[in-house]
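If you want the building blocks of each chain, they are given just below.
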Amino acid sequence: MFKNYLKIAFRNLRKQKIYSFINIAGLAIGLACCFCCVIFVQHELSYDRFHQKAPRIYRLLFAFAQNPDQPYAVTASGFAPHLLNEFPEIEQAVRLWLNPGDAYLKFGTEGRKVGGFVFADSSVFEVFSFRLRRGNPATALQSPNSVVLTSRAAQMWFGDADPIGQTMLHLRGNLKLNLEVTGILEDVPSNSHLQFDYLVSFPTIAAFMGKEALVEYANFNYYTYLLLYEGATPEQITPKFLDFLRKYLDEKAPSQLSLLLQPLRAIHLSTNVQGDIGAKMNPRYLYIFSAVGFFILLLAGVNFVNLATARAAQRAKGIGVRKMLGAARRQLVVQMFGESIFAVVLAMILALAVLEAVVPRLTTFIEWPITFELIDNYMLALLLMGLALLTALAAGIYPAILLSAFEPITVLKGLSTRGIKGARVRKALIVAQFSITVFLLIALVTMYQQLHFMKSRDLGFEREQVVLVDLTDPVKWSYLAFRAKLLSHPQIKNVTLCNAVPGYLEMSRTYLWPGKEKEQQVQLRTWLVDAHSIETFGLELVQGRNFSEEIATDVTHAYILNETAVRELGWKDSVGRPFHVGGEELGRVIGVVKDFHFKSLHQKIEPLVLDLKTEWSMTAAIRLAPGDFRNALDFMGTQWRLFEPEQPFGYGFLDSSLDRLYRAEKRLGRLFSSFTLLAIFVASLGLFGLAAFSAEQRTKEIGVRKVLGASVAGIVGLLSKDFIKLVLLANVIAWPLAWYAMNKWLQDFAYRVDIDWSVFALAGGIALCIALLTVSTQAIKAALANPVEALRYE
């Protein structure tokens, strides 16, 4: 019986080649897109879940009392050892120090600047499931000056040679540290929020920061992870943090800040944590990806149902004969389902082949690390098979029920089409198809408008032609001489020193002024600058004066505020007001700078304080004149080598740095544009098939109309008007849904575009043109046919 069903299914597919192609190609595209979304979403949801103890691992956060909803991922180095000693619920703790995240290493005569350079406690292998291929996890990072390499880093430095016991030279300022390789680590999985290639023992920090840096509470620069015992919960620990803060900070600390525990598995999908590390994913985007993949598969399923019901009349006689010969309705339903499953299996095979070829290119295109490995990921294989089976059932159930319900006497008399109610269903499905298509078009246009808005918006500073250079200690110590050398080049207009650049200002400090008690100190964003920063970045000073190198007291007693800070502090005349950092001498506000976007456009402009603190700043920003930068960059490299002969000259551009703030939106836009084009193609395939069928069914009518003098344009209009009405109805349905959805998406941005009516008109017009072009190809073909052949048609 099964063999017979398979033969019938294959015969029907081969007999109707065009419709079979439309069905299988559409289903293959839909399944490929849906599979791709499943792979991507599964990868994003799997972050940090490969750690065996992941359910018991938490990251320690702190939050200021003023902004409890914006916690910080960094804490002081003293928290981990003291929490471990005093909290019986905590089994183990590990600290990571990522500053600066890169380093200059030498082995033999070869030296290079490398990334992924992290200092870690030896307990890192006890808390996390990073697997050592070589070395003892209990001792690999115990001693100072020890380093564990990933397989990738070991291959890069040592090739096939054994690196264990080898010594690498780490240049850090004027220090030269010999790091002994004590272990080889498997490469860190792409679904880990911690990414590194070098793990250096935490005690090594003492060589350049002093032993006190290993356990102190002054600098919040460390990432602290806690492993809880089985059965212990954050709710048991969090209330005890108040007494802990009182003991190790001061009595008033609990009123100023709080400690929080963040589950390890929630880190990747958390977007509100300041000073965080690793790639982030807004959970809302996962919903968007899933919805788009489902929509494209739905479009393909609609095509299948539409074409199956449209051609029901042609199969009615065959079904009637089989019923007369004793076939039960259940057998017919099984046969129809079998045909659906057969078509979906063929489409799935094609979809998997497409994925195998496309995923590596897609990974590069959207800049997200996804892989397609069914053999090693049985859960993914089961998901995809289940999705394909569900598609077959969903697409085949209506045609199977419809076709198996024909009365044999009626269909054998040639009256089967009179009882078929599939026309209304087909129209409803066409409306659904183009509603989805219009929705996706509106979403795509809106996304690109927002991306263009972010790239072109006036940020309040000049982002073009600014080169960024991270200084090493030797260059920093001779910074004034280095700056003077650079300014001797005619194309270099200005050079400034700061702790960060606009777009990435994370630092906060507490401030006081007369009338404010210590416990009332206010937390404000702070930008550490020099006297040339305002000019170099093109900021506008609206009140008072700039910092001056000629006024010695500016270093310790002068502050510049932005307009938002003045407004929120409630000061009308801010220049000259007493103001200072908590714990430092009283200073004064000397100026007010016009508001500028020092964070991404996702966030509103916050109060900001500019503070003259060059000793804490390690980033040089260099303003260039317009023109070819090659000569100026070569000149910078030459001057760099005069002060830093050991480490190579590295640089970046401010505008490129700012573009990275919107990487997630760019990726979303690229993926959305690809999927929207595929959705349009799938919808057009279905419309093409229905138009061809409609023209075929009306062959005689078209022949009679031509004989009676109907024009080609008239016949094309006759065949097209019904489809155009459905597309117009689809616009009416899609517009309000798209408006609501895109308004929700735009709420992620503090500064955003308004959705204009032209977006809806453009999307509707595109959908209408696509429908017209698709239907017209078949309508014109039918209209140009010889009417004699049409009238002889039977």
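Preceding this paragraph is the structure being described.
Residues numbered from 1 in each chain as written. Predicted model: local features only at pLDDT ≥ 70, side-chain atom pairs only at ≥ 80, totals over all residues. Heavy atoms only, no water.

> What is the right way to read the pattern of salt bridges from this model?
Pairs may arise between side chains of opposite charge once their charged atoms sit close together. This structure, assessed with the given rule, holds 27 salt bridges. Of the charged contacts in the structure, one is a salt bridge between Arg 56 and Glu 230, with a shortest N-O distance of 3.4 Å. Residue Arg 56 is located in the loop between helix H2 (17-45) and strand E1 (57-64), and its partner Glu 230 is located in the loop between strand E12 (220-228) and helix H7 (234-237); the two are separated by 174 residues in the primary sequence. Here Lys 666 makes a salt bridge to Asp 659, at a shortest N to O gap of 4.0 Å. Judged by relative accessible area, which is 25%, Lys 666 ranks as partly exposed. Residue Asp 659 is classed as partly exposed on the basis of its relative accessible area of 26%. Taken together, the shared-partner salt bridges connect Glu 506, Arg 525, Lys 599 and Glu 606 into one network. (Salt bridge = Lys/Arg side-chain N within 4 Å of Asp/Glu carboxyl O. Helix = DSSP H or I, 4+ residues; strand = E, 2+ residues; numbered from the N terminus. Buried < 20%, exposed > 50% of the residue type's maximum accessible area, 1.4 Å probe, protein only.)

> When you look at a positive patch on the surface in this model, what are you seeing that I'm missing?
A cluster of basic side chains, namely Arg 424, Lys 427, Lys 721 and Lys 725, defines a positive patch on the protein surface. Put simply, the parts of the chain that give the positive patch at least two residues each are helix H15 (422-456) and helix H25 (712-746). Turning to its location among the elements, Arg 424 is positioned in helix H15. (Patch = residues over 30% accessible without salt bridge, like charges linked within 9 Å, V, L, I, M, F, W, Y side chains within 5 Å. Areas by Shrake-Rupley, 256 points an atom, 1.4 Å probe, with all protein chains shown as cover. Lys, Arg positive; Asp, Glu negative; His and termini not counted. Charge placed at Lys NZ, Arg CZ, Asp CG, Glu CD.)

> Please explain helix H3 (residues 79-86) as it appears in this structure.
Since one α-helical turn is 3.6 residues long, residues separated by three or four positions face the same way. Residues Phe 79, Ala 80, His 82 and Leu 83 constitute the buried set of H3. Of the surrounding elements, those touching the buried residues of H3 are E1, strand E2 (75-76), strand E3 (90-97), E12, helix H8 (241-248) and strand E13 (257-263). (Contact = heavy atoms within 4.5 Å.)

> Just to check I follow, could you spell out the pairing of strand E20 (residues 578-581) for this structure?
As defined by bridge partners, strand E16 (residues 508-512) adjoins E20 across 2 bridges and the pair is classed as antiparallel. Residue Leu 512 lies in a different strand from E20, and its bridge partner there is His 580. The sheet contact formed by E20 and strand E21 (residues 587-593) spans 2 bridges and is antiparallel. Along E21, the bridge assignment pairs Phe 579 with Gly 587. Connecting E20 to the next strand, E21, in antiparallel fashion are 5 residues, including Gly 583 with a positive phi near 95°. (Pairing = 2+ DSSP bridges.)

> Is there a simple way to explain the packing of H3 against H8 in this structure?
Two measures define how a pair of helices packs: the angle their axes make with one another and the distance between the axes. Running from amino to carboxyl end, H3 crosses H8 at an angle of 125°, the nearest separation of the two axes being 12 Å. With respect to H8, the element H3 is oriented oblique. Like other packed secondary-structure pairs, H3 and H8 cross with a definite hand, here right-handed. Two secondary-structure elements touch here, H3 through Phe 79, His 82, Leu 83 and Glu 86 and H8 through Phe 241, Phe 244, Leu 245, Lys 247 and Tyr 248. When grouped by side-chain class, the residues that make up the contact of H3 with H8 number 6 nonpolar, 1 polar and 2 charged. (Axes fitted to C-alpha atoms, helices over the stretch in contact; angles between N-to-C directions. Parallel < 35°, antiparallel > 145°, perpendicular 65-115°, else oblique. Left-handed = near helix turned anticlockwise from the far one by under 90°. Nonpolar A, V, L, I, M, F, W, Y, C, P; charged D, E, K, R; others polar.)

Any link to function would need more than the numbers given here.
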